[in-house]
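# Summary of structural features
Here is what each chain is made of, one letter per residue.
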Amino acid sequence: MTATIYTPPSIASWLGDEAESLLTYEAKVPKSLLHLPGNDFIERIFVNSDRNPQVLRSLQQLYSSGRLANTGYLSILPVDQGIEHSAGASFAPNPIYFDPENIIKLALGGGCNAVATTLGVLGMVSRKYAHRIPFIVKLNHNELLTYPNGSDQIMFANVEQAWNLGAVAVGATIYFGSPESDRQIQEVSEAFAHAHQLGMATILWCYLRNDVFKQDKDYHLAADLTGQANHLGVTIEADIIKQKLPECNRGYEAVAKATGEKYGRTHDKVYTQLTSDHPIDLTRYQVLNCYCGRSGLINSGGASGKNDFAEAVRTAVINKRAGGCGLISGRKAFQRPIEEGIKLFHAIQDVYLSPEVTIA
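Per-chain numbering applies: the sequence of each chain, read as written, is numbered from 1 onward. Only residues with pLDDT of at least 70 get local features here, since the model is predicted, and only at 80 or more are side-chain atom pairs given and counted; chain-wide, interface and lining totals rely on the full set of residues. Note: side-chain values were computed over all heavy atoms of the structure, leaving out hydrogens and water.

If you look the protein up in an unreviewed UniProt entry, it shows as fructose-bisphosphate aldolase from Gloeothece citriformis.

### Quick word on unusual backbone geometry
Proline 148 follows tyrosine 147 through a cis peptide bond whose omega is -5°. As for its placement among the helices and strands, proline 148 is situated in the loop between strand 4 (140–141) and strand 5 (154–155). We note that glutamate 237 has phi near 65°; this positive angle belongs to a residue other than glycine. Secondary-structure assignment places glutamate 237 in the loop between helix 10 (223–235) and strand 8 (240–243). In this structure, arginine 250 takes a positive phi of about 60° despite not being glycine. Secondary structure elements follow DSSP: runs of H or I of four or more residues count as helices, runs of E of two or more count as strands, with numbering from the N terminus. By the secondary structure assignment, arginine 250 is in the loop between strand 8 and helix 11 (251–259).

### As for the nonpolar core
If you look at the biggest cluster of nonpolar residues, it comprises 86 residues, and the most contacted ones within it are Leu77, Ile104, Val115, Phe135, Leu204, Ile241 and Val317. Take this core: its biggest share by element is 7 residues, from helix 14 (residues 308–322). For this analysis, residues touch if any pair of their heavy atoms sits within 4.5 Å. For leucine 204, the residues in contact, after removing those within four places along its chain, are Ala172, Thr173, Ile174, Phe176, Val188, Phe192, Gly233, Ile236, Ala238, Ile240, Ile241 and Lys242. Definition used in this section: a nonpolar core is a set of buried Ala, Val, Leu, Ile, Met, Phe, Trp, Tyr and Cys residues joined via side-chain atoms within 4.5 Å. Buried residues are those whose accessible area, probed at 1.4 Å on protein chains only, stays under 20% of the maximum for their type, while exposed residues exceed 50% and partly exposed ones sit between those limits. Among the nonpolar cores identified, the runner-up in size contains 25 residues, and Leu74, Val168, Tyr175 and Ile240 belong to it.

### What to know about the sheet that holds strand 9 (residues 296–300)
Two strands pair if DSSP finds at least two bridges between them. The parallel closed barrel is built from 8 strands, whose spatial order is 1-2-3-6-7-8-9-10. Direction aside, neighbouring strands of the sheet carry axes that sit 25° apart on average. Sitting on the sheet, helix 4 (residues 53–63) is in contact with strand 1 (74–79), strand 2 (114–117), strand 3 (135–138), strand 6 (169–176), strand 7 (201–208) and strand 8, with an inclination near 70° to strand 7. Here an axis means a line fitted to C-alpha atoms, over the contact stretch when the element is a helix, while the angle between two N-to-C directions is reported on a 0 to 180 degree scale. Here helix 14 sits on the sheet in contact with strand 9 and strand 10 (326–328), set at roughly 160° to strand 9.

This is the structure in structure tokens:
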């Protein structure tokens, strides 16, 4: 009996009616302004920075692993939802992921560049897997067991613990715009400086968090506000920025209108010359705020739903064409059978490997 060969759908077929718009659009901000991903990204961008040789080696290891090795792009499995959302909410759909080893197996089988998860998960299996796939220790978390439920990222681990278990990078989240953000910025800045001293790379989840951003649209996903969050993130020397895909714009105006008070600062040209309503323009503005791509932008794959494959491919196309450097996808992958999770990662990676998906 001849084995069945899995042939994935074309990228255009995943995009449906948006295919032409997403695959042919030319961005308002020219790509010539950006530092784009490539196989020489570390030497071209970071060799002239203040990162020491050990950090350069760690960054090179991240960019040289998995199916996207030496392309300048990243495909990362993040699993911090057991803390952020609760283990039950995250793993009940697929209980094998209560076991840390299966998280690593999914990342390996999926051809990921790295796996980003908690100190406990990586520490439990570090001797078996730290040399097989790059580890990223997520240092801080928001937990939802305390009553009343709050919204604050607190440190669960320290940099030395990440270094001791063989991690090549540390990750952290800052809730920009929240009352706790001042403390979080200082804590994460100090942790990132220490990580660089020990030779590890740094990845920052640049999230917005404040009820004032919830208006007629969810301005937590506004390009102007998330772009500024990215700019704050690279200021504390995050080597890679993780951000949610933008879905709207004019967040500054929305907050001022809702509160009746002046909020922040921006410029009309952000909306007339640097962005439009097209998702590639909105995402390019995020890249622009990452020092024009010198710190790579990876976008989030989002929550799991009915159209995970199509949504993941769409996000990858937008990120790549905008000048980003990859996708980080968790629940869409681990809340389904492991074989399907692997196929999902491969579908994402196929976008970055495809010469037909070009920079806009």
